[in-house]
Amino acid sequence: MRFLVPALALAATLPLHAVDWPQYRGPSGDGKSPEKIMLPAGTTAPKQVWKAPSEGGFSSFAVSGGKAFTLCLKEAEGVKQESVVAYDAKTGKELWFAALNFPKYDGGGDSGAADNKGGDGPRSTPTTDGKNVYVMSSQLVLTAFDAATGKVVWSHDLMKEFAGRNIQWENAASPLGEGNALYVGGGGPGQSLIAFNVKDGSVLWKAFDEKITHATPVAATILGQRQIIFFLQSGLLSVDPKTGKELWRYAFDYKTSTAASPVVDGDVVYCSAGYGVGAGAVRISKEAGAFKATELYRIRTNKPLANHWSTPVAKDGYLYGMFQFKEYGNGPVKCVDIKTGEVKWEQPGFGPGQVILVGDKVLALADNGDLVSFEAKPDAYHEVSRAKVLDGKCWTTPIVSNGQIFARSTKEAVCLDVSGK
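Predicted, not measured: the structure shown is a model, and the values here were computed from it. (Residues numbered from 1 in each chain as written. Predicted model: local features only at pLDDT ≥ 70, side-chain atom pairs only at ≥ 80, totals over all residues. Heavy atoms only, no water.)

Helix and strand content of the chain: two helices and 33 strands. For 421 residues, the compact-globule estimate of 2.2 N^0.38 gives 22 Å, and the C-alpha radius of gyration of the chain, at 20 Å, lies within 12% of that figure. Expressed as lengths along the three principal axes of its C-alpha atoms, the size of the chain is roughly 55 × 50 × 50 Å. Residue burial in the chain is summarised as follows: out of 421 residues, 60% are buried. Considering only contacts in the chain between residues 6 or more positions apart, those separated by 24 or more positions represent 52%. Put simply, the chain shows about 15,200 Å² of open surface, and 50% of that area lies on carbon and sulfur atoms. One way to put it: in the chain the 45 positive side-chain charges average out to a point 2 Å from where the 43 negative ones average out. (Helix = DSSP H or I, 4+ residues; strand = E, 2+ residues; numbered from the N terminus. Rg over C-alpha atoms; globule rule 2.2 N^0.38 Å. Buried < 20%, exposed > 50% of the residue type's maximum accessible area, 1.4 Å probe, protein only. Contact = heavy atoms within 4.5 Å. Areas by Shrake-Rupley, 256 points an atom, 1.4 Å probe, with all protein chains shown as cover. Lys, Arg positive; Asp, Glu negative; His and termini not counted. Charge placed at Lys NZ, Arg CZ, Asp CG, Glu CD.)

So, in structure tokens, the structure goes:
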């Protein structure tokens, strides 16, 4: 498995401090890092390794082979364009960039965390296997770039080749890498979900007549079955990675935008959206060889469990993350029982940023640029550290790779040393 095994095998042989982060939400696609890091307590910021300009959008980082990849706005042919950028992970030096297309401009601003405008630029995050970098543009063009040079290896325009159907604010989902395949959505009838071979871009399978959302699919093993779970306008759809065969469905409302990925914890799958849609969870079972999704709860309001675009993380049966809708600048993080939807505690002061899980602590990037860590415990909120690390609007997921935190805003990118060396 090209994307997952190298990182996890490395984690098994080293003292959990040198792992690549190859795609959106990490080596396992669940927002969890197997590394051990050391964050200064209190208000002291971690040591800055480098900081570099990185304008526009909310793309996160993928890190592999000593390079860090993200999408931002770069000037090409006299115009700022959606572009993939490769940085030297150790120095922040820009190694290469490649323009993707002219992004859709929504007139949004970057005046600060309390500004609710989306701003300009890409939302998707690159995926890499170390050899190539795979990027899905806002206009549904999937391209493989050589990681060393930035040269195009192969490319597919889903709009032109697969009768694609884009959505309001255009694509924000990232390609999901698993084994020798990339999984994406955005095609037309009979080919709305597609698995591509990472080596040459050939189609492994295509199926379904589904309309996409802004949510990135996830890979998980449930009851011994590896599966890819898409969060679509019809709801959750789980498929067999090898064949695309449907395993189970869960109907879920859609309105305006669904952007947070589903979260899997054992045999429970949680999903949520803003705009009054709310949240729900299902338990997956298997009867007579067939999978079945049984609803555990369904809350059809923005409070208490809407996730606008912030995907929570799961630990020991509890969700931790930004459960809020349009609470810019000060919205809370919460701890939620994934099986019941009960809120155990909440703490304001974050806005719709993003979280990951590192060991027994949640690492949160608040939308004002504060990097916060707190204990993943259901009894109460226990903050460990909080320090300002970025200027600009931060609706982007921070990552941990090889003892370093990589994070970015609409203005800049930063690398912080948390290796403890």
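The structure having been displayed, the exposition proceeds.
This paragraph deals with the environment of Thr 43. Its location among the elements puts Thr 43 in the loop between strand S1 (32-33) and strand S2 (47-53). Assessed through its relative accessible area of 70%, Thr 43 is described here as exposed. Residues Thr 43 and Asp 370, spaced 327 residues apart in sequence, show a C-alpha to C-alpha distance of 9.9 Å.

Summarising burial for strand S12 (residues 181-185): five of the five residues are buried, a large majority. Of the two faces of S12, both are covered, the one formed by Ala 181, Tyr 183 and Gly 185 as well as the one formed by Leu 182 and Val 184. Bridge count for strand S11 (residues 176-178) against S12 is three bridges, and the pairing is antiparallel. Of the residues in S12, the one forming a bridge with Leu 176 is Tyr 183. Counted between consecutive antiparallel strands, the loop separating S11 from S12 contains two residues, among which Gly 179 sits at a positive phi close to 60°. Judged from the five bridges that link them, S12 and strand S13 (residues 193-197) form a sheet pairing that is antiparallel. Bridge assignment links Ala 181 to a residue of S13, and that residue is Asn 197. (Pairing = 2+ DSSP bridges.)

Taken as a whole and judged by the stated rule, the model has 23 aromatic pairs. On the numbers, 5.7 Å between centres and 25° between planes, the contact of Tyr 328 with Trp 395 is stacked. In this pair, Tyr 328 sits in the loop between strand S24 (318-322) and strand S25 (333-337) while Trp 395 sits in the loop between strand S30 (383-388) and strand S31 (399-401), placing the two residues 67 residues apart along the sequence. Note on Trp 395: relative accessible area 6%, which makes it buried. Just above the ring of Phe 350 sits the side chain of Arg 386; from NZ or CZ to the centre is 4.9 Å. (Phe/Tyr/Trp six-rings, centres within 6.5 Å; stacked < 30°, edge-to-face > 60°. Lys NZ or Arg CZ within 6 Å of the ring centre and 35° of its normal.)

So yeah, pure geometry; function would need other evidence.
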